[in-house]
Each structure stands twice: as structure tokens, then as C-alpha cells.
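Descriptive analysis of the structure
Chain by chain, the residues:
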Amino acid sequence: MRTNTLLHPLTLRRAEPVDLHGVLALLADTAGWLHARGVRQWPREGFGPDRITPLIEERVLYLLEDELRTLDPRGRRSPVATIALDRHADPEFWTEADDPGAALYVHKLAVARPWSGSGLGDALLDWAGATAYGSGLPWLRLDCAKRNEGLQRYYLRRGFRHVRTVDLPHRASGALFQRGAADLAITAFRDLTAPELIVA
């Protein structure tokens, strides 16, 4: 990793309602960065609270944060990264033939720009795959923009297989990927998530 996590110890935890503002800011910054590069993965301004609050309430949104930032006396706690992981298969993409219940699904994966290229996205995907494995599920799945070839190549390099592309005119996303769940050791951050299986 480019960033020394010994100097910046990182912790993964479930998002709480108080984290909403920081998550929205991170997602908006990521969406703006994507749009500046011609990628229409997410809405230009990011997501509204109506899209993120339910993920927090369902306890399926996770934050990676710099432990040193939590000591900031002004209370600024912008997340280093975020990821949602749940069992909600998008019915417009995943069919009954895919056995939608056989996987965990990644959504809203974003890494703050100062941490870009540090390997945290890789580590969060490995954590998600290990969580699926621990939940007794064989697959980790996700979807991304149909025209985001760079991101699709990234997922292929990370061991995902392109399942198919669903081309719906009202959806920017539709490139479907999956890889086998695996019990991988995660050393990039300290995992404070609850050990129970994901059931949401």
C-alpha cells in the first residue's frame, strides 16, 4: 500500500446515523471525480440522504476511517472509504437462474481521493469476499457502468468474472461481475464489524 497504515492505522466499522454527512461528502466527491473523467457510474452530485440512510439503518454500510482522525478535537471524521455489502440482488440485473440468494452484493464502494491507489479498494473487496465466505455463500457480486471499461478491467484483475452486461436504457450500470467467496486474511485495516452473519 502506498499509504503507511502503521502511521495511519485504519479501522473498518459499521456506519452510524451521525456518519451520514461524511459518507455523502465522500460519495459526492467520488461522483464528481468520475464525471470529470467522462464516467457516468453515479449521479453527478452523488447520492441524496434517501439513498444512503436506509443502508445505515439496515446496518449494511461500512466505513473505513483513519484512527488518528478520530482524535481531531473539531470532530471532523471524514471516512477514508465506504462500502455497502448486503444480500439485495438488483432484480433488473440478477435473474432467478443466477440464484440471487447465493451471494453478497457490493454497492457504493468509494475510496477518498487522497487514498487513491493505496490498495484499499482491493482490501475492501477481499474483506467482502471473506464476509460472504463466512456467511456460507459461494459468491461475491457487483455491477458497474456498462461503459466504464477501466473499472471493468480492474474487477477482472481482481479475480472477478464478467457474467454478462444487461443493457437497459434507463440504467447506466449493467455490467455484472462475480468471483468466488474466499477466506482471505485482511491486514490493511482493523476490522471492528460485528462477527454475526449478514442477514439484511
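Computed from a predicted model, the values in this text were never measured in an experiment.

**Things to note about the layout of surface pockets**
Its volume calculated, the largest pocket comes out at about 1200 Å³. Secondary structure elements with two or more residues in the lining of the largest pocket: helix H1 (20–36), helix H2 (49–57), strand E4 (103–111), helix H3 (120–134), strand E5 (139–145) and helix H4 (149–157). The element best represented in the lining of the largest pocket is E4, accounting for six residues. Taken together, the residues of the lining of the largest pocket break down into 20 nonpolar, 13 polar and 12 charged.

**Considering the nonpolar core**
Side chains that are nonpolar tend, in soluble globular proteins, to be buried together. By size, the foremost hydrophobic cluster in this structure holds 52 residues, and its most contacted members are Ile-52, Val-106, Tyr-155 and Phe-189. Not counting residues within four places of it along the chain, the set of residues in contact with Phe-189 comprises Leu-10, Thr-11, Leu-12, Leu-64, Ala-123, Leu-124 and Trp-127. Phe-93, Trp-94, Val-166 and Leu-176 belong to the second-largest nonpolar core, a separate cluster that totals six residues.

**So, the pattern of salt bridges**
Following the criterion strictly, the structure yields 10 salt bridges and no others. The salt bridge involving Arg-158 is made with Asp-126; its shortest N-O contact spans 2.9 Å. One end of the pair, Arg-158, is in the loop between H4 and strand E6 (161–165); the other, Asp-126, is in helix H3, and 32 residues separate them in sequence. Since its relative accessible area comes to 16%, Asp-126 is described here as buried. The closest approach of N and O atoms between Lys-146 and Asp-167, which form a salt bridge, is 3.0 Å.

**Details of H2**
Within H2, the full set of buried residues consists of Ile-52, Leu-55 and Ile-56. Angular distribution of buried residues about the axis of H2 spans 100°; they occupy a single face of the element. Away from its buried face by more than 90 degrees, H2 exposes Asp-50 and Glu-57. In this structure, the buried residues of H2 make contact with H1, strand E2 (61–66), strand E3 (81–86) and E4. Immediately beyond the C-terminal end of H2, within one or two residues, lies Arg-59, with a positive phi of roughly 65°.

**Overview of the confidence of the model for the chain**
Residues shown with low pLDDT carry predicted positions that ought not to be read at fine detail. Chain-level statistics for the chain give a pLDDT mean of 88 and a share of 88% at 70 or above. The secondary structure element of the chain with the lowest average pLDDT is strand E8 (residues 190–191), at 86, and the one with the highest is E6, at 98. Low pLDDT, under 50, characterises residues 1–6; the predicted model gives this stretch 13 contacts beyond four residues in sequence or across chains.

Quick notes on the rules
- Residues numbered from 1 in each chain as written.
- Predicted model: local features only at pLDDT ≥ 70, side-chain atom pairs only at ≥ 80, totals over all residues.
- Heavy atoms only, no water.
- 1 Å grid on protein atoms, 1.4 Å probe; cavity = no way out; pocket = protein on both sides within 12 Å on 5 of 7 lines; lining within 4 Å.
- Points joined across faces, edges and corners; volume = space filled by probe spheres on them.
- Helix = DSSP H or I, 4+ residues; strand = E, 2+ residues; numbered from the N terminus.
- Nonpolar A, V, L, I, M, F, W, Y, C, P; charged D, E, K, R; others polar.
- Core = buried A, V, L, I, M, F, W, Y, C linked by side-chain atoms within 4.5 Å.
- Buried < 20%, exposed > 50% of the residue type's maximum accessible area, 1.4 Å probe, protein only.
- Contact = heavy atoms within 4.5 Å.
- Salt bridge = Lys/Arg side-chain N within 4 Å of Asp/Glu carboxyl O.
- Arc of directions from axis to C-beta.
- pLDDT = per-residue confidence, 0-100.

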